[in-house]
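As a plain string of letters, each chain reads:
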Amino acid sequence: MKHFAGTMLLSSAMGLMASGSAMAHEMDVSARLEHIKSMFDAKSIVEGPKVVDCTLSGGTETQCFSITLKNSLDHDEMGSWCPENIGDGDDKGGIWMRDGKSIDVDGAFIENLATFYDDPEWQLFDKETGKINVTDTKEACAAAAAIIVADEYNNYCVKCDPAYMDELTETTYVLPLVPVPLEGEPDDNQHGQRGVAFNGVVFDGSAPQDVILAAHTVAPLDDCGGHVNLHAGYHYHGANGCSPEEKVAEADAPMIGFAMDGYPILAKLTGDDAEDADLDACSGHTAKSIGYHYHGNSAEKNAILGCFHGESGCALHSADAVCKADELPAGPPPGQDGERPDGPPPGQERPEAAE
Ligand SMILES: [Zn+2]
Ligand SMILES: [Zn+2]
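Here goes a summary of the coordinates provided.

Each value, and the rule that gives it
- Residues numbered from 1 in each chain as written.
- Chains lettered and ligands numbered in written order.
- Predicted model: local features only at pLDDT ≥ 70, side-chain atom pairs only at ≥ 80, totals over all residues.
- Heavy atoms only, no water.
- Disulfide = S-S within 2.5 Å.
- Helix = DSSP H or I, 4+ residues; strand = E, 2+ residues; numbered from the N terminus.
- Buried < 20%, exposed > 50% of the residue type's maximum accessible area, 1.4 Å probe, protein only.
- Salt bridge = Lys/Arg side-chain N within 4 Å of Asp/Glu carboxyl O.
- Donors = N, O, S within 2.8 Å, 3.2 Å for Na, K, Ca; no water.
- Pairing = 2+ DSSP bridges.
- Axes fitted to C-alpha atoms, helices over the stretch in contact; angles between N-to-C directions.
- Contact = heavy atoms within 4.5 Å.

On to the state of the cysteines, then. The final tally for this structure, using the stated rule, is 6 disulfides. The disulfide partner of C82 is C157, and the S-S distance across this bridge is 2.0 Å. Where C82 bonds to C157 through sulfur, the torsion about that S-S bond is close to -90 degrees, and the disulfide is left-handed. One end of the pair, C82, is in the loop between β2 (61-70) and β3 (95-98); the other, C157, is in strand β5 (residues 156-157), with 75 residues separating them in the sequence. On the basis of relative accessible area, C82 is assigned to the buried category, the value being 5%. Since its relative accessible area comes to 0%, C157 is described here as buried.

Printed below as a string of structure tokens:
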């Protein structure tokens, strides 16, 4: 019954703009905020949600909900990433992606990299002891995960431990209460955040694999599709079915989070459901019950969403900052999974504008 009511609220919020009376509008909004709050892991909510004015990426001025979130996972719920020795099994490592396929990163995978990539310069381990080069300090993580990888960290398995984060990253998401479809082509820029999971973990853009591989490094994801960089903290490059789910009545999958344009992200579809869904280039489609929504891709696609169907809101570093997504810069080229060492991607606040 609770879930049924939730769906009704979601659809009533979708129809909110058409709603006649101001009273009904206010009740709809406060019910919508309550519903949004209930979807997130309570431990992940730092502040909000509340209603704020916002300007979306396409210039639409509207009302958004603002919620400040942090990653609510315990340390042992993240990892593992890099095996220590070529004799290690896949329980000691995470996953890597190539050509749309997910590969277990175990000791044998590291041992065989030169063959795997047909490039003899791959040599991530000590030939005598089998010990694998792993970045095991904060400094090493920073140097190996930079746009230009420091020479001494060529041929490393890049592991950034969550403990290297001095403090948990808090991000304020300002997302439209009623999503606004983009006019014309969808936005397929893959840099920057795609959305957020109900445990407060970022659904991030694509990992810059070309940069990573050029330095003969791998930056494995854990089995949940996540890893750490010092800027963003722990973030997902895939929706691998680990984050909390919210049942949605009549929907084809449970909801797992919000996209930056405010549309729901639902869990990945498999088998016949995936065939029948006929998803668009953005990994989304429209259903009678909840309207347009995405189904998040798992890590092997290296793109949780193919593109944005709607105008994006903002991910800000201050709960008081105003979302003017139309004024944000186009964003820097992606760094190696430092991903945004010099500045924020579209939809994110410029550092100098931060409080
Ligand atoms: Zn669907
Ligand atoms: Zn990453």
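The next subject is the pattern of salt bridges. Evaluated as defined, the whole model comprises 3 salt bridges. Between D166 and K138 there is a salt bridge whose closest N-O contact spans 3.0 Å. In this pair, D166 is assigned in the loop between β5 and β6 (170-176) and K138 in helix α5 (residues 138-144), connecting sequence segments 28 residues apart. A relative accessible area of 67% means that D166 is categorised as exposed.

A separate point is the coordination of the zinc ion (ligand 1). Geometry sets the ideal angles at a metal, namely 109.5 degrees for four tetrahedral donors and 90 or 180 degrees for six octahedral donors. Around the zinc ion (ligand 1), the protein supplies D252 (OD), D252 (OD), H285 (NE2), H293 (NE2) and H295 (NE2) as donor atoms, at distances of 1.9 to 2.5 Å. If you list the donors of the zinc ion (ligand 1) from N- to C-terminus, the spacing comes out as D-x32-H-x7-H-x1-H. Here the residue H285 occupies a position in strand β14 (residues 284-287), and H295 occupies one in strand β15 (residues 291-295), the gap between them amounting to 10 residues. Comparing H285 with H295, the two get one shared label, buried.

On to the sheet that holds strand β1 (residues 45-55), then. Read across the open sheet, the 4 strands follow the order β1-β2-β6-β16; overall the sheet is antiparallel. One side of each edge strand has no neighbouring strand; the edge strands of this open sheet are β1 and β16 (314-316). Adjacent strand axes in the sheet meet at a mean angle of 20 degrees when their direction is disregarded. Sheet topology places β6 next to β16; 3 bridges connect them, and they run antiparallel. The residue of β16 that forms the bridge with T172 is L316.

What follows concerns the side chain of T171. When you line up the elements, T171 lands in strand β6. Note on T171: relative accessible area 5%, which makes it buried. Ignoring sequence-local partners within four residues, the contact set of T171 consists of I67, T68, L69, A315 and L316.

On to the pairing of β2. Burial analysis of β2 places 7 of its 10 residues in the buried class, the great majority of the element. Examined bridge by bridge, β1 and β2 share 8 bridges and lie antiparallel to one another. Its bridge partner being in β2, T55 is matched across the sheet by E61. Adjacent in sequence and paired antiparallel, β1 and β2 are bridged by 5 residues, among which G59 carries a positive phi angle near 95 degrees. Note: β2 against β6, 7 bridges, orientation antiparallel. Bridge pairing in β6 links T68 to T172.

On to the side chain of N155, then. Relative to the helices and strands, N155 is located in the loop between α5 and β5. The class for N155 is buried, based on a relative accessible area of 13%. Discounting chain neighbours no more than four positions away, the residues touching N155 are E121, W122, Q123, L124, N133, A215, H216 and T217.

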